[in-house]
Amino acid sequence: QVQLVESGGGLVQPGGSLRLSCAASGSIFRVYAMGWYRQAPGNQRELVASINRDGDSTNYADSVKGRFTISRDNAKNTVYLQMTSLKPEDTAVYYCNADRILTNSKFQYDVWGQGTQVTVSS
């Protein structure tokens, strides 16, 4: 069974930085496009950033452009989200997603991690 495990969340002051990581584990041959989503209390889950399989195409929500950077290391089946100039409105649970993961026997689609809390507060 494939799993996505996020780490790196925590409490940070406004203007600070955090780096989130999401590692895929299991019998994995290939992880395709990946993304980071977030959900604040009372809000719908929203896409923050996404990256294609090769890592040469990225997409960002307008609210994080210029502050967040998504990257990946395919050798480690890991995607990262570097967050800088954090604002209180960035406070949310951040989730990692993979749209397709090829395992030793089949594709798994729309795989989600368990989420990691990011709180931006003074």
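Everything below is about the structure shown above.
Residues numbered from 1 in each chain as written. Predicted model: local features only at pLDDT ≥ 70, side-chain atom pairs only at ≥ 80, totals over all residues. Heavy atoms only, no water.

Peer 1: Give me the lowdown on the overall build of the chain, citing residues and values where you can.
Peer 2: The helix and strand tally for the chain stands at 0 helices and 12 strands. Taken over the C-alpha trace, the chain has a radius of gyration of 14 Å; the compact-globule value for 122 residues is 14 Å, and the two agree within 12%. On the principal axes, the C-alpha backbone points of the chain span a range of 50 × 25 × 25 Å. In the chain, buried positions account for 41% of the 122 residues. Put simply, 55% of the contacts in the chain that link residues at least 6 apart link residues at least 24 apart. (Helix = DSSP H or I, 4+ residues; strand = E, 2+ residues; numbered from the N terminus. Rg over C-alpha atoms; globule rule 2.2 N^0.38 Å. Buried < 20%, exposed > 50% of the residue type's maximum accessible area, 1.4 Å probe, protein only. Contact = heavy atoms within 4.5 Å.)

Peer 1: Tell me what's going on with the pattern of salt bridges, and back it up with residues and numbers.
Peer 2: Inspection of the entire model under this criterion finds 4 salt bridges. Across the salt bridge formed by Asp90 and Arg38, the nearest N and O atoms sit 2.9 Å from each other. Residue Asp90 is located in the loop between strand E9 (78-83) and strand E10 (92-103), and its partner Arg38 is located in strand E5 (residues 34-39); the two are separated by 52 residues in the primary sequence. On the basis of relative accessible area, Asp90 is assigned to the buried category, the value being 1%. Under the relative-accessibility criterion, Arg38 is labelled buried at 6%. The network of salt bridges with common partners includes Arg38, Glu46, Arg67 and Asp90. (Salt bridge = Lys/Arg side-chain N within 4 Å of Asp/Glu carboxyl O.)

Peer 1: Report on the nonpolar core, specifying residues and quantitative values.
Peer 2: Judged by nonpolar contacts, the single largest core of 32 residues is most densely connected at Leu4, Met34, Trp36, Leu81, Met83 and Tyr94. Listing elements by their share of this core, those giving two or more residues are strand E3 (18-25), strand E4 (28-31), E5, strand E6 (46-51), strand E8 (68-73), E9, E10 and strand E12 (116-120). At 5 residues, the largest contribution of residues to this core is made by E10. In this view, Leu81 contacts Leu18, Arg19, Leu20, Trp36, Val48, Ala49, Phe68, Thr69, Ile70 and Tyr94; residues no more than four positions away in its chain are not counted. (Core = buried A, V, L, I, M, F, W, Y, C linked by side-chain atoms within 4.5 Å.)

Peer 1: Talk me through the environment of Ala98; I want residue IDs and the actual numbers.
Peer 2: Along the polypeptide, Ala98 turns up in strand E10. Those residues in contact with Ala98 that sit more than four places away from it in its chain are Leu4, Val31, Ala33, Met34, Tyr109, Asp110 and Val111.

Peer 1: Give a detailed account of the packing of aromatic side chains, specifying residues and quantitative values.
Peer 2: Enumeration according to the criterion identifies 3 aromatic pairs in this entry. Look at Tyr32 and Phe107: their rings are 5.9 Å apart centre to centre, the planes differ by 50°, and that puts the pair in the tilted class. In this pair, Tyr32 sits in the loop between E4 and E5 while Phe107 sits in strand E11 (residues 107-112), placing the two residues 75 residues apart along the sequence. The class for Tyr32 is buried, based on a relative accessible area of 15%. The partly exposed category is assigned to Phe107, whose relative accessible area is 31%. Aromatic rings pair up to connect Tyr32, Phe107 and Tyr109 into one cluster. Its guanidinium or amino end placed over the ring of Tyr80, Arg19 lies 4.0 Å from that ring's centre, counting from NZ or CZ. Seen from the ring of Trp112, Arg45 lies directly overhead, with NZ or CZ sitting 4.7 Å from the centre. (Phe/Tyr/Trp six-rings, centres within 6.5 Å; stacked < 30°, edge-to-face > 60°. Lys NZ or Arg CZ within 6 Å of the ring centre and 35° of its normal.)

Just distances and angles here, no functional claims.
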